[in-house]
Amino acid sequence: MSAVSRPAQSPAVWRGADLSDSAEWATVLTDAQRAEIVDATRAARAAGRDATNLRREDFPLPGLADLLREWTVTLTQGRAFVLLRRFPVDLLTEAETELAYVGLGLHLGTPVSQNAAGDLLGHVRDERLPRTGPAVRLYTTNERQDFHTDGSDLVGLLCLNPAKTGGESRIASSLAVYNHILAERPDLLEVLRSPFHWDRNDEQSPGEAPYFTLPAIHDINGEPRIFYIGWYIRDAQRHPGVPPLTGLQLEAMRMLEDTANDPAFYLPMEFAPGDIQILNNAKILHSREAYTDHEDPARRRHLLRLWLTAHSFATVEDMLREGIPPRRG
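Let me sum up the structure you'll find in this document. Everything quoted here is computed from the prediction, not taken from an experiment.

Take the side chain of Thr97 next. Following the sequence through the fold, Thr97 ends up in helix 3 (residues 94–106). According to the relative accessible area criterion, Thr97 is buried, its value standing at 4%.

Listed below in structure tokens is the structure:
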């Protein structure tokens, strides 16, 4: 067997049943840690900072330094995800919450663009727009998002409000999915290592192609890294010049998705206000179930999202680390 065809072996290879006790992996902030975040936020606001111009040095968190180092180790060498509870959304205004979340994120990485408008802080909520095509991103609807990764080293989600019903987050170890495919259908891994065409959701700049090509699996230093968004690949079929997906490509995509969607593989998470989920995109696939919202707009499901280029490590291909390029022209 070649090095890249051996089963992945690391703490990031897990199945949901292995992690059924959330006390083993959820971090609950203390009152002192919450107060430090609130104090840092208000000091930064007093200095004229907001979520768009905040710098890491504007947001000192000495009381969380050990915890932040522990998270970095967990994200790179451990299970590859973190769940933080009791972020002080209940003590902060909306603008302060955005500032505090960016401030915390800056200790792990640099925020990168999440769309063609160049937004560094994403609002994940149902914008009540009919999804008439790929230009309406799925995260702006209440529809289900199948297992996928995002375009950065790390993705963070802060819950402001949960849905009335539904909206459960599920995560799965990419490496466990990889190992399963290797054991059952190693030929499909080679298909996933070959280039696919990906839709750009009409976010390209003038003169650029409306799609790009990229394999779903990259082998870096003998370790597989998965970058996968199945609907981007399927949506690219609308463009002239994109070859039809082959039978083997479709089979490989279905096996990856079916494995991640197997309850034996994924770990479910119900978000409460103040919960923050941080994932290493190279090692974790995540999904979101469809949901029903409250009628009251103030109570509707709302998450804040950060895409981060990590300070001390790289988890995805260079072309993906900077997020979605802002549209030019």
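Our focus in this paragraph is the pattern of salt bridges. Applying the stated criterion across every chain, the model contains 25 salt bridges. Notably, a salt bridge pairs Asp66 with Arg69, separated by 2.3 Å at the nearest N-O pair. Residue Asp66 and its partner Arg69 are both found in helix 2 (residues 65–77); the two are separated by three residues, about one turn of the helix. Comparing Asp66 with Arg69 shows no difference in burial state: the two are exposed. Measuring nitrogen to oxygen at the nearest pair gives 3.4 Å for the salt bridge that ties Arg200 to Glu208. Overlapping salt bridges bring together Arg144, Asp146, Glu168, Arg170 and Glu289 as one network.

For the rest of this paragraph, the subject is empty space enclosed by the protein. Over the atoms a probe the size of a water molecule is rolled, and this reveals where empty space is left. Taken as a whole and judged by the stated rule, the model has three cavities of 30 Å³ or more. In this structure, the largest cavity occupies an estimated 160 Å³ of space. Taken together, 17 residues line the largest cavity, and the ones lying closest to its centre are Val124, Gln145, Leu157, His286 and Arg288. With three residues, the single largest contributor to the lining of the largest cavity is strand 15 (residues 284–288). Looking at the lining of the largest cavity residue by residue, the classes come out as six nonpolar, seven polar and four charged.

Cut-offs applied
Residues numbered from 1 in each chain as written. Predicted model: local features only at pLDDT ≥ 70, side-chain atom pairs only at ≥ 80, totals over all residues. Heavy atoms only, no water. Helix = DSSP H or I, 4+ residues; strand = E, 2+ residues; numbered from the N terminus. Buried < 20%, exposed > 50% of the residue type's maximum accessible area, 1.4 Å probe, protein only. Salt bridge = Lys/Arg side-chain N within 4 Å of Asp/Glu carboxyl O. 1 Å grid on protein atoms, 1.4 Å probe; cavity = no way out; pocket = protein on both sides within 12 Å on 5 of 7 lines; lining within 4 Å. Points joined across faces, edges and corners; volume = space filled by probe spheres on them. Nonpolar A, V, L, I, M, F, W, Y, C, P; charged D, E, K, R; others polar.

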